[in-house]
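Breakdown of the fold
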Amino acid sequence: GLSLISDPAALVERNLHRPHKLSHTTVVVQATLATAHGPLDVAVKRCRRFGFWKRLTALVRPGRALRAWYVGHALRARGIRTVEPLVAFERKHPLRGRDSYLVTRWIENIENLHLLGWELARRPEAECRATGNAIARRLGRLIGQMHAWSASHRDLKACNFAVVPDEDGHDDDRQELVLLDLDGVRFPWRLTWRSRVRDLARLAASVELQLWVTPGMRARF
């Protein structure tokens, strides 16, 4: 624990061979932490702010990782399935400003919903339809829960969700969906009809190229 807090960048750099996401502002890697209860697989996310104004606002605003920690626990307290935040902390850098780090529990064998969609397109039609129908119901239930609790997402798209297989690994209704990205979640004082439609429009656009998605699946959603 102390080594993680004293040098979180080293944990990221040691695990760059296990990447999950690499972008201009964000790096997510899989890592293993030694705990009192044994090794624990985690995801470590490093967030950086670039640009003069973002660095300036970072002086008065909490870092992305710290905010995601609060959001993750707020969602889980409301019964909305998402990654489990374990630790969030920040470090100041003389050139980069404030780097923030978020550590979440690693979920084994999850499948990114966007990539799973392309995989389903290659399966037999009956299997594709059955799995697609089940996913549509679960995704509609998850987003319905978010909107019921006045939670919106400014980047609601398929790649920000994942399918968690059941213990037997079967493609059935026992599988669950989990929200991966916490950065885009907002809890406005009042979630307007326009905000709900905007969320759904972003999601619809992200699956537009998945030709196997039928009107029936959309209705189940």
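Now for a look at the structure at hand. All values derive from a computational prediction rather than experimental measurement.

Focus on the overall build of the protein
- Counting its regular elements, the protein contains eight helices and 10 strands.
- Counting over 221 residues, the protein shows a buried share of 42%.
- Put simply, of all contacts in the protein between residues at least 6 apart along the chain, 61% involve residues at least 24 apart.
- With the model as given, the accessible surface of the protein reaches about 12,800 Å², and the carbon-plus-sulfur share is 57%.

As for the packing of helix 5 (residues 113-120) against helix 6 (residues 125-148)
- Look at helix 5 against helix 6: their axes get within 10 Å of each other, and the N-to-C directions meet at 160°. When the interaxial angle is binned, helix 5 and helix 6 end up roughly antiparallel. You can see that helix 5 and helix 6 cross each other, and the crossing is left-handed. Contacts from Leu113, Leu116 and Leu120 of helix 5 reach helix 6 at Cys128, Thr131, Ile135 and Leu139.
- Its residues assigned to classes, the contact of helix 5 with helix 6 comprises six nonpolar, one polar and no charged.

Description of unusual backbone geometry
- One non-glycine residue, Asn109, lies in the positive phi region at around 60°.
- Locating Asn109 in the fold gives a position in the loop between strand 5 (97-105) and strand 6 (111-112).
- For Asn109, a relative accessible area of 60% gives the class exposed.
- A positive phi is found at Ser150, a non-glycine position, where the angle reads about 60°.
- The residue Ser150 is located in the loop between helix 6 and strand 7 (152-153) in this model.
- Ser150 sits in the buried class, given a relative accessible area of 18%.

Side note on the sheet that holds strand 9 (residues 176-179)
- Ordered in space as 6-8-9, the three strands form an open sheet in which the pairing is antiparallel. Each edge of the open sheet carries a strand with a single partner, namely strand 6 and strand 9.
- Relative to strand 8 (residues 161-164), strand 6 runs antiparallel, the two being bridged by two bridges. Bridge pairing links Glu111 to Val163 in strand 8.

Topic: the pattern of salt bridges
- Under the definition given, this model contains 10 salt bridges.
- Arg105 is the partner of Glu84 in a salt bridge, and the nearest nitrogen-oxygen pair spans 2.8 Å. With Glu84 in the loop between helix 4 (64-77) and strand 4 (85-93) and Arg105 in strand 5, this pair connects stretches of sequence that are 21 residues apart.
- Residue classification places Arg105 among the partly exposed positions, given a relative accessible area of 35%.
- A salt bridge links Arg129 to Glu125; the shortest N-O distance between them is 3.3 Å.

Looking at the environment of Ile80
- Tracing the backbone through its elements, the reader meets Ile80 in the loop between helix 4 and strand 4.
- Ile80 has contacts with Leu75, Leu142, Gln145, Met146 and Trp149, leaving out every residue within four places of it along the chain.

Some thoughts on the nonpolar core
- One finds Leu75, Leu113, Ile135, Leu139 and Phe161 to be the most contacted residues of the largest nonpolar core, which totals 34 residues.
- Contributions of two or more residues to this core are made by helix 4, helix 5, helix 6, strand 8 and strand 9.
- Among the elements that take part in this core, helix 6 stands out by supplying seven residues, more than any other.
- In this view, Phe161 contacts Glu111, Asn112, Leu113, Leu139, Leu142, Ile143, Leu156, Val178, Leu179 and Leu180; residues no more than four positions away in its chain are not counted.

Considering the pairing of strand 1 (residues 19-22)
- Bridging between strand 1 and strand 2 (residues 26-35) involves three bridges; their strand directions are antiparallel. Of the residues in strand 2, the one forming a bridge with Pro19 is Val29.
- Hairpin connection from strand 1 to strand 2: three residues lie between these consecutive antiparallel strands.

So, how was this worked out
- Residues numbered from 1 in each chain as written.
- Predicted model: local features only at pLDDT ≥ 70, side-chain atom pairs only at ≥ 80, totals over all residues.
- Heavy atoms only, no water.
- Helix = DSSP H or I, 4+ residues; strand = E, 2+ residues; numbered from the N terminus.
- Buried < 20%, exposed > 50% of the residue type's maximum accessible area, 1.4 Å probe, protein only.
- Contact = heavy atoms within 4.5 Å.
- Areas by Shrake-Rupley, 256 points an atom, 1.4 Å probe, with all protein chains shown as cover.
- Axes fitted to C-alpha atoms, helices over the stretch in contact; angles between N-to-C directions.
- Parallel < 35°, antiparallel > 145°, perpendicular 65-115°, else oblique.
- Left-handed = near helix turned anticlockwise from the far one by under 90°.
- Nonpolar A, V, L, I, M, F, W, Y, C, P; charged D, E, K, R; others polar.
- Pairing = 2+ DSSP bridges.
- Salt bridge = Lys/Arg side-chain N within 4 Å of Asp/Glu carboxyl O.
- Core = buried A, V, L, I, M, F, W, Y, C linked by side-chain atoms within 4.5 Å.

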